[in-house]
Amino acid sequence: MAASTGAADAAAADSKGPVSSSMDSPTIQYSMVLEHLVGEKRPIKELNPAALGGMPVPPKSDEQKMIERGMESCAFKSVLACVGGFVLGGAFGVFTAGIDTNVGFDPKDPLRTPTAREVLKDMGQRGMSYAKNFAIVGAMFSCTECIIESHRGKSDWKNAVYSGCVTGGAIGFRAGLKAGVLGCGGFAAFSAAIEYYLR
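Residues numbered from 1 in each chain as written. Predicted model: local features only at pLDDT ≥ 70, side-chain atom pairs only at ≥ 80, totals over all residues. Heavy atoms only, no water.

The next subject is the state of the cysteines. Applying the stated criterion across every chain yields a total of two disulfides. In this model Cys74 forms its disulfide with Cys146; the gap between the sulfur atoms is 2.0 Å. Residues Cys74 and Cys146 are joined by a disulfide whose S-S torsion is about -80°; by sign, that bridge is left-handed. Of this pair, Cys74 sits in helix H3 (residues 74-99) while Cys146 is found in helix H4 (residues 116-152), placing the two residues 72 residues apart along the sequence. By relative accessible area, which is 22% here, Cys74 ends up partly exposed. What pairs with Cys165 in a disulfide is Cys184, and their sulfur atoms sit 1.7 Å apart. Taking the sign of the S-S torsion, about -60° here, the bridge from Cys165 to Cys184 comes out left-handed. Note that Cys165 is positioned in helix H5 (residues 157-172) and Cys184 in helix H6 (residues 177-198), a separation of 19 residues in sequence. (Disulfide = S-S within 2.5 Å. Helix = DSSP H or I, 4+ residues; strand = E, 2+ residues; numbered from the N terminus. Buried < 20%, exposed > 50% of the residue type's maximum accessible area, 1.4 Å probe, protein only.)

The following block contains the structure:
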């Protein structure tokens, strides 16, 4: 009886032996496959647009990279916003002067009809005033937004809100603390509305 149980145990051990060895080998092979797929042995493939079905793009030269870095700099963005604000402000000032009925009139002699030169001079002065204000606001907003975006490392709607608050507060602070707080809140709300509409 004891011999038969010993033989049965030996047979059971023999039957378990190949199973355990066969279970170990797939685990080793699976880990090797993982190493080649997602591990350190994974081959690095160069993503060629032509192989992906797109148009082949030649590599950028050092001059192109330098120009791209310059165009993405805060100084270039500020200058561009300043020039754009100057043009837009000048056009807006000339437009508002054109629809204003009091352009060119002398308050000392309101019955005298102004000449064309006086009207054009008044329109130019108003256009220049609007152009300067728009240029300053545009440069301040663009510069602060770029600095905040570089500091945060994110490009989202919060950058415009923070920049609007800084710009509005700086402009309104000249008239006092209350005006600065109101300018900060108003400009931030306006920037948030514009960002929400554009995005």
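Still more to cover.
Turning next to the layout of surface pockets. Here the largest pocket defines a volume of roughly 280 Å³. In terms of lining residues, the largest pocket is bounded by Ala81, Val137, Gly138, Phe141, Ser142, Ala160, Phe187, Phe190, Ser191, Ile194, Glu195 and Leu198. Only H4 and H6 provide two or more residues apiece to the lining of the largest pocket. The element best represented in the lining of the largest pocket is H6, accounting for six residues. For the lining of the largest pocket, a count of residues per class yields eight nonpolar, three polar and one charged. The wall of the second largest pocket is formed by Asn133, Phe134, Ile136, Val137, Met140, Ala170, Ile171 and Arg174. Looking at the lining of the second largest pocket element by element, the count peaks at five residues for H4. Taken together, the residues that form the lining of the second largest pocket break down as six nonpolar, one polar and one charged. (1 Å grid on protein atoms, 1.4 Å probe; cavity = no way out; pocket = protein on both sides within 12 Å on 5 of 7 lines; lining within 4 Å. Points joined across faces, edges and corners; volume = space filled by probe spheres on them. Nonpolar A, V, L, I, M, F, W, Y, C, P; charged D, E, K, R; others polar.)

With that settled, consider the confidence of the model for the chain. Residues at a pLDDT of 70 or more form 79% of the chain, whose mean pLDDT is 80. Averaged pLDDT values over the elements of the chain bottom out at 55 in helix H1 (residues 2-37) and peak at 92 in H3. Taken together, the stretch residues 1-8 has pLDDT below 50 and engages in zero contacts with residues farther than four places along the chain or on a different chain. Confidence over residues 10-22 falls short of pLDDT 50; this stretch has zero contacts with residues more than four positions distant or in other chains. (pLDDT = per-residue confidence, 0-100. Contact = heavy atoms within 4.5 Å.)

With respect to the helices and strands, the residue Thr96 is situated in helix H3. Not counting chain neighbours up to four residues away, the residues in contact with Thr96 comprise Arg126 and Tyr130.

This part takes up the packing of H4 against H5. Where H4 contacts H5, the axes come no closer than 8 Å and their chain directions differ by 135°. It follows from the interaxial angle that H4 and H5 lie oblique. Taken as a pair, H4 and H5 cross one another with a handedness that is right-handed. Only Lys158, Asn159, Ala160, Tyr162, Ser163, Gly164, Val166, Thr167, Ala170 and Ile171 of H5 make contact with H4, whose side of the interface consists of Val137, Met140, Phe141, Thr144, Glu145, Ile148, Glu149 and Arg152. Of the residues belonging to the contact of H4 with H5, the class tally is nine nonpolar, five polar and four charged. (Axes fitted to C-alpha atoms, helices over the stretch in contact; angles between N-to-C directions. Parallel < 35°, antiparallel > 145°, perpendicular 65-115°, else oblique. Left-handed = near helix turned anticlockwise from the far one by under 90°.)

So, on to the packing of aromatic side chains. Each pair of aromatic rings is reported with the distance of its centres and the angle of its planes. This model, assessed by the stated rule, comprises four aromatic pairs. Measuring from centroid to centroid gives 6.0 Å for Phe92 and Phe134, while their planes differ by 35°, and the two rings are tilted. One end of the pair, Phe92, is in helix H3; the other, Phe134, is in helix H4, and 42 residues separate them in sequence. Put simply, the rings of Phe92, Tyr130 and Phe134 pair up and form one aromatic cluster. (Phe/Tyr/Trp six-rings, centres within 6.5 Å; stacked < 30°, edge-to-face > 60°.)

On to H5, then. Between its first and last C-alpha atoms H5 spans 22 Å; for 16 residues at 1.5 Å apiece the expected length is 22 Å, and the two agree. The inward-facing, buried residues of H5 contact H4 and H6. (Expected span 1.5 Å × (residues − 1).)

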